[in-house]
Amino acid sequence: MIAKISLIAIGASLVVAAGILYAAPFTAAQSAGAPGAPPASASTPSLNYEFFKTRVEPIFLKKRPGHARCYVCHSGSGDGGAPPYLEKLSPGSTSWDEEQSRRIFRRVSRLVVPGDPSQSRLVMHPLAPEAGGDYSNRVHGGGRQFESQDDPDWKTIDQWVRGEKEGAPSPQ
Ligand code: HEC
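Below is a short write-up of the structure. Everything quoted here is computed from the prediction, not taken from an experiment.

1. Quick word on the overall build of the protein chain
Reasoning step 1: The number of helices and strands found in the protein chain is seven helices and zero strands.
Reasoning step 2: Moving toward the C terminus, one meets the helices and strands of the protein chain in the order α-α-α-α-α-α-α.
Reasoning step 3: In the protein chain, the proportion of contacts linking residues at least 24 apart, taken out of those at least 6 apart, comes to 48%.

As structure tokens, then:
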């Protein structure tokens, strides 16, 4: 009897889990990463991996005048207090390989709410407060990486969070 009940319970939770995965691939990560975020609906855009790999990842590696690269702080052990959502490049490489990129995509996806850049730490935390950046909890340890929402790199990250796909026009 007990065994039967728990089998039913497991079955039910699998159905629920499958439903969530089918409807919105990043629902779980999203609710873990952003408490209080509105529940995802079926219209929630999904995060595009190709766009991330070709357009967003290079921003993490790029030297910005007056700033250290995201990579310098965010691919370490986390000792300096910066969450290590990136990874060390293999010796001699100037970009991440496919496996690394997939892992980075998964980690960085937890820092955003798909379709809602204003609720996404990746978008709002490195942005200067005068430009609308979120310094309400704490100042970004890496400084004001983006002075304005007109910064092309900031815009690219924003587009990715909105669900933009590589090679396709914006869904907006
Ligand atoms: C000089 C080191 C440094 C650099 C460079 C840096 N960061 Fe950070 N970052 C930190 C530290 C330290 C924290 C943790 C404290 C805080 O919340 O700001 C942090 C936190 C964050 C967070 C919040 C993560 C979370 O889990 O809440 C995001 C998102 C972020 N950084 C993005 C970036 C991006 C994007 C870049 C490059 C454009 C960048 N950072 C460059 C040091 C850095």
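From this point on, the discussion continues.
2. Topic: helix 5 (residues 98-109)
Reasoning step 1: Taking 1.5 Å of rise per residue, twelve residues should cover 16 Å, and helix 5 covers 16 Å from first to last C-alpha, within 8% of that figure.
Reasoning step 2: When helix 5 is considered as a whole, its buried residues turn out to be Ile104, Val108 and Ser109. Each buried residue of helix 5 lies within a common arc of 125° when the element is viewed along its axis, so the set occupies one face.

3. Some points on the packing of helix 3 (residues 49-61) against helix 7 (residues 152-161)
Reasoning step 1: Look at helix 3 against helix 7: their axes get within 10 Å of each other, and the N-to-C directions meet at 145°. As helix 3 runs across helix 7, the sense of the crossing is left-handed. Residues Phe51, Phe52, Arg55, Val56 and Ile59 of helix 3 form the contact with helix 7, whose participating residues are Asp153, Thr156, Ile157 and Trp160.
Reasoning step 2: Looking at the contact of helix 3 with helix 7 residue by residue, the class counts come to six nonpolar, one polar and two charged.

4. Topic: the site of the ligand
Reasoning step 1: The ligand sits among 20 residues. The nearest are Cys70, Cys73, Ala82, Gly141 and Gly142.
Reasoning step 2: Contributions of two or more residues to the shell around the ligand are made by helix 4 (70-74) and helix 6 (121-124).
Reasoning step 3: The leading source of residues in the shell around the ligand is helix 4, at four residues.
Reasoning step 4: Residues belonging to the shell around the ligand are distributed by class as follows: nine nonpolar, nine polar and two charged.

5. Notes on the packing of helix 3 against helix 5
Reasoning step 1: It is at 10 Å that the axes of helix 3 and helix 5 come closest, and there the two elements cross at 95°. When the axes of helix 3 and helix 5 are compared, the pair comes out roughly perpendicular. Where helix 3 abuts helix 5, its residues Tyr49, Phe52, Lys53 and Glu57 lie against Ser101, Ile104 and Phe105.
Reasoning step 2: When its residues are assigned to classes, the contact of helix 3 with helix 5 shows four nonpolar, one polar and two charged.

6. Digging into the environment of histidine 140
Reasoning step 1: Within the secondary structure, histidine 140 sits in the loop between helix 6 and helix 7.
Reasoning step 2: Residue classification places histidine 140 among the partly exposed positions, given that 19 C-beta atoms sit within 10 Å.
Reasoning step 3: Residue contacts for histidine 140: discarding those within four places in its chain leaves His125, Pro126 and Tyr135.

7. Description of the nonpolar core
Reasoning step 1: Judged by nonpolar contacts, the single largest core of 20 residues is most densely connected at Val123, Ile157 and Trp160.
Reasoning step 2: Secondary-structure elements contributing two or more residues to this core are helix 3, helix 5, helix 6 and helix 7.
Reasoning step 3: Each residue touching isoleucine 157, except ones within four places of it in the same chain, is listed here: Val56, Ile59, Leu122 and Val123.

8. A short note on helix 3
Reasoning step 1: Over its 13 residues, helix 3 extends 17 Å from the first C-alpha to the last, a length consistent with the 18 Å expected when each residue adds 1.5 Å.
Reasoning step 2: Helix geometry: helix 3 is bent most strongly at arginine 55, by close to 35°, with proline proline 58 lying one to four residues after it.
Reasoning step 3: Those residues of helix 3 lying buried are Phe52, Val56, Glu57 and Ile59.
Reasoning step 4: Those residues of helix 3 that are buried lie in contact with helix 5 and helix 7.

Each value, and the rule that gives it
Residues numbered from 1 in each chain as written. Predicted model: local features only at pLDDT ≥ 70, side-chain atom pairs only at ≥ 80, totals over all residues. Helix = DSSP H or I, 4+ residues; strand = E, 2+ residues; numbered from the N terminus. Contact = placed C-beta atoms within 7 Å. Expected span 1.5 Å × (residues − 1). Buried ≥ 20, exposed ≤ 12 C-beta atoms within 10 Å, placed from the backbone. Arc of directions from axis to C-beta. Axes fitted to C-alpha atoms, helices over the stretch in contact; angles between N-to-C directions. Left-handed = near helix turned anticlockwise from the far one by under 90°. Nonpolar A, V, L, I, M, F, W, Y, C, P; charged D, E, K, R; others polar. Near = placed C-beta within 6 Å. Parallel < 35°, antiparallel > 145°, perpendicular 65-115°, else oblique. Core = buried A, V, L, I, M, F, W, Y, C linked by C-beta atoms within 7 Å. Bend = angle between axes of the 7 residues up to and from the residue.

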